[in-house]
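# Report on the structure
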Amino acid sequence: MKIVCLGGGPAGLYFGLLMKKQNPAHEVVVVERNRPYDTFGWGVVFSDQTLGRLQQADAPTAAEILQSFNHWDDIEVNIRGARVRSGGHGFCGIGRKRLLNILQARCEALGVELRFESDASDGDFPDADLIIASDGLNSRIRQKYAATFEPDVDLRQCRFVWLGTTRLFEAFTFDFQETPHGWFQAHAYRFDEHTSTFIVEAPEAVWQAAGLADMDKDDSIAWCERLFADVLQGHRLMSNAAHLRGSSQWIRFPRVVCRRWVHHNGRAPVVLMGDAAHTAHFSIGSGTKLALEDAIELAQRIAEHPGHLSEALKVYEATRSVEVLRIQNAARNSTEWFENVQRYAHLPPEQFAYTLLTRSQRISHENLRERDRDYLDGFERWWERRSRRALVSADAATDAEVVTAADSSTKRPTPPMFTPYRVRGCRLKNRIVVSPMAQYMARNGVVGDWHLMHLGARATGGAGLVMAEMTCTSPDARITPGCPGLWNDEQQAVWARIVDFVHTHSDARIGLQLGHAGPKGSTNVPWEGGGMDTPLAPDHPVGNWPLLAASAQPYVEGVNAVPRAMTRADMDRVRDDFIHATKRGAAAGFDWLELHCAHGYLLSSFISPLTNHRTDEYGGTLANRLRYPLEMFAAVRAAWPEDRPISVRISAHDWVEGGITPDDAVEIGRAFKAAGADMIDCSSGQVSADQKPVYGRLYQTPFADRIRNEAGIPTIAVGAITDADQVNGIIAAGRADLCALARPHLANPAWTLQEAARWGYEAMQWPAPYLAGKQQMERLFEREKAQAAQAAGASAPREMGA
């Protein structure tokens, strides 16, 4: 087989040597347009996991690389004069030029032909059996066959410059410096005995405002030296990009994603590899790591399918593209974090560093414990002191009392999810919320024994706050005939019975969510008739009722009834219904109130431009569309006791072009904060049947993160949160203040008690009749942990600060 690698970077060289090693009869040619030692980077970083793969693929190359590596375990975060260090991350750095030299020498030793200063294309090798397009980020081969590869190149928001320094860093160091124009950050790590990589990065607007776009190269480097003088400790910054002039050394990172990696043109197949196929931001690892792993994967697939190259390429593309996309998704999270340092810079240094370490969602709370138990224990103690200090300050207690209660080096620190939280006069024992979940078991708006069981079981199951499902303010405010209401004395009395049970038999708090179905009303319960969101049949015993909305637009055209666009009289009547229901909720003893402004229901129909087409003062701009929901909030707040909190549930993303976006959600959060809301419950979607949500683990948490840290109002994260490790990470990182879980609580009313036992939090209070179960569950989980640790042997793979 004749193999031609177009591009003599790590991907092309490594694939070439692996194929020559696999079969010395292969004719392998690596073609590079630059000279042998031309390279414009400094050092590259690998994880310990990548080193293991290199060892398996070609031991001599791995041994040579290992001899040249500088290894370190720690990440250090510097901000505002504070330094936070975490260990156990397992990095290796090597100079890019040294790496290329090693790969070139190994290629030559195996008989790979290296051609430098040759500007070739795939058409120059008509006798080739396989063409590898390893020609880098600006791949001409990728562009030539763009119709096949369908590349998507996303130019990210930050400018960065790749520099070097003689300051030898003992840890992978992130240094943050604030300027009058905004934040700059440096990513620094040692890669040989003399030099460290030093990448300086800032958002485009900050970079422009600082004047760097107008500086020449030497002046901008000198500017960076002054800015990062403390961390450089007298050492200079150096550039090895002599071919660049002015500000052209500052570039924006292009995220490259290709739909396909293989092009068949009737001759030799052309395969993308390395940066030609994909890129991942330098903050999570190196493109070099991905390039080498591409080469290993393709060589393995070819070995597995001798004589069947097409099948090998198909398997390679299918398997490798999925793995790369997983890393790219984590890299995207990391990229966005560094693009928005301003969002998190207000956090205390301890929390800021934790947020950085967990930014990609690939490193979790417990994974940090595996890497560096002392670091995480120290962080949890800091978090516990801070949480209790915030709690007791409202009770006029002193800091000394807090330290006495929480600061003990011999006491296991309380995990963040189990720390208490106070809103106004409502104290929650932990950060877990049982999300409001529609049960559709009411009759004429009256709840019964089902709701007593449903809410009572979850209150005794350990959650700090149990939310009742959306409760409607009038008969025509219901979604279905099975929805609960709060418009008469009978309903109020039954709710009071449930609230009394929760308060008597648990230390949980219970919340009431008030809402109006609007255009999504008069529909079947999910397991009857045509199913969810389908209108009641004409002969239904209850009968359909007229609908109201911001505009005369049905939820689903041709399926749902057309609502009446609300008049001022309608607005006044519905507002008064909410006021009356609010007063009834207070009288029933609810601890918390939530105003439902999400999911396409009545108040949501005003907020979203997809459903609000009004031309009066309640339509048009976002401020106008918020006018009626804010009027409603003001009325409800005035009717609700001052010492009890009110949250607002919103759809932070409509998932439809032209609808509400996360940027809008921040403004919505600001508006409700100004109106006096205590917290925003950050859901999304369900406004339009045309929605295309991007589901995934914690997929709505970024909305809670943005609203909390940009609008400055506490938030509840909800959506695909399933375990305590995730909850601890969300709370500890300041992405939200509470976490609401729905489906896990449907499956297990005692989810919170179970997670406390799973993670060894023995201080969790259980109902007295269940204490025997607590002890057994704790023993079983301890046994499982011991068995898992024995089976796993080595610790989890390390990845770069991800």
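As shown above, the structure is provided for reference.
Small disclaimer: the values here were computed from a predicted structure and weren't measured. (Residues numbered from 1 in each chain as written. Predicted model: local features only at pLDDT ≥ 70, side-chain atom pairs only at ≥ 80, totals over all residues. Heavy atoms only, no water.)

### A closer look at the pattern of salt bridges
Enumeration according to the criterion identifies 53 salt bridges in this entry. For Arg 388, the salt bridge identified is with Glu 384, shortest N-O distance 3.5 Å. Highlighted residues: Arg 388 and Glu 384, both in helix H15 (residues 373-393), separated by four residues, approximately one helical turn. Note on Arg 388: relative accessible area 23%, which makes it partly exposed. The closest approach of N and O atoms between Arg 575 and Asp 572, which form a salt bridge, is 3.3 Å. Of this pair, Arg 575 and Asp 572 both sit in helix H19 (residues 568-588), separated by three residues, roughly a single helical turn. Each of Arg 568, Asp 572, Arg 575, Asp 576 and Glu 631 takes part in a single network of salt bridges with overlapping partners. (Salt bridge = Lys/Arg side-chain N within 4 Å of Asp/Glu carboxyl O. Helix = DSSP H or I, 4+ residues; strand = E, 2+ residues; numbered from the N terminus. Buried < 20%, exposed > 50% of the residue type's maximum accessible area, 1.4 Å probe, protein only.)

### What to know about the nonpolar core
Buried together is how nonpolar side chains tend to be arranged in soluble globular proteins. Grouped together as the largest cluster of nonpolar side chains are 116 residues, with contacts concentrated most on Phe 176, Phe 352, Trp 495, Tyr 628, Phe 672, Ile 707 and Val 727. The element that contributes the greatest number of residues to this core is H19, accounting for six residues. Apart from residues no more than four positions distant in its own chain, Phe 176 is found in contact with Val 77, Asn 78, Ile 79, Trp 183, Phe 184, Gln 185, Trp 337, Phe 338, Val 341, Phe 352 and Leu 356. Membership of the second largest hydrophobic core comes to 64 residues, among which are Val 29, Cys 258, Val 270 and Leu 272. (Core = buried A, V, L, I, M, F, W, Y, C linked by side-chain atoms within 4.5 Å. Contact = heavy atoms within 4.5 Å.)

### Notes on the packing of aromatic side chains
As enumerated under the stated definition, the model contains 36 aromatic pairs in all. Between Phe 46 and Phe 69 the ring centres are 5.5 Å apart and the planes differ by 85°, which places this aromatic pair in the edge-to-face class. Of this pair, Phe 46 sits in strand S3 (residues 43-47) while Phe 69 sits in the loop between helix H3 (59-68) and strand S4 (70-72); the two residues are 23 residues apart in sequence, bridging distant segments of the chain. The same class applies to Phe 46 and to Phe 69, which are both buried. Aromatic side chains Phe 172 and Tyr 189 sit 5.2 Å apart centroid to centroid with 15° between the ring planes, which places their arrangement in the stacked category. Placement of the pair is Phe 172 in strand S11 (residues 172-179) and Tyr 189 in strand S12 (residues 182-190), with a sequence separation of 17 residues. One aromatic cluster is present, built from ring pairs that chain together Trp 72, Phe 91, Phe 172, Phe 174, Phe 176, Tyr 189, Trp 337, Phe 338, Tyr 344 and Phe 352. Positioned above the aromatic ring of Phe 169, the side-chain terminus of Arg 167 is 4.3 Å from the ring centre. Between Arg 644 and the ring centre of Trp 640, over which it is positioned, the NZ or CZ distance is 5.5 Å. (Phe/Tyr/Trp six-rings, centres within 6.5 Å; stacked < 30°, edge-to-face > 60°. Lys NZ or Arg CZ within 6 Å of the ring centre and 35° of its normal.)

### As for the sheet that holds strand S29 (residues 738-741)
Hydrogen bonds between backbone groups are what pair the strands of a sheet, and the pairing can be parallel or antiparallel. One closed barrel holds the eight strands; their spatial order is S20-S21-S22-S25-S26-S27-S28-S29, and the pairing between them is parallel. The average undirected angle you get between the axes of adjacent strands in this sheet is 30°. In this sheet, S29 lies alongside strand S28 (residues 715-718) in parallel orientation, the contact comprising three bridges. When the sheet's bridge partners are listed, Ala 717 is paired in S29 with Cys 739. Seen against the sheet, helix H18 (residues 489-505) touches strand S21 (465-472) and strand S22 (509-515) and runs at an angle of roughly 150° to S22. (Pairing = 2+ DSSP bridges. Axes fitted to C-alpha atoms, helices over the stretch in contact; angles between N-to-C directions.)

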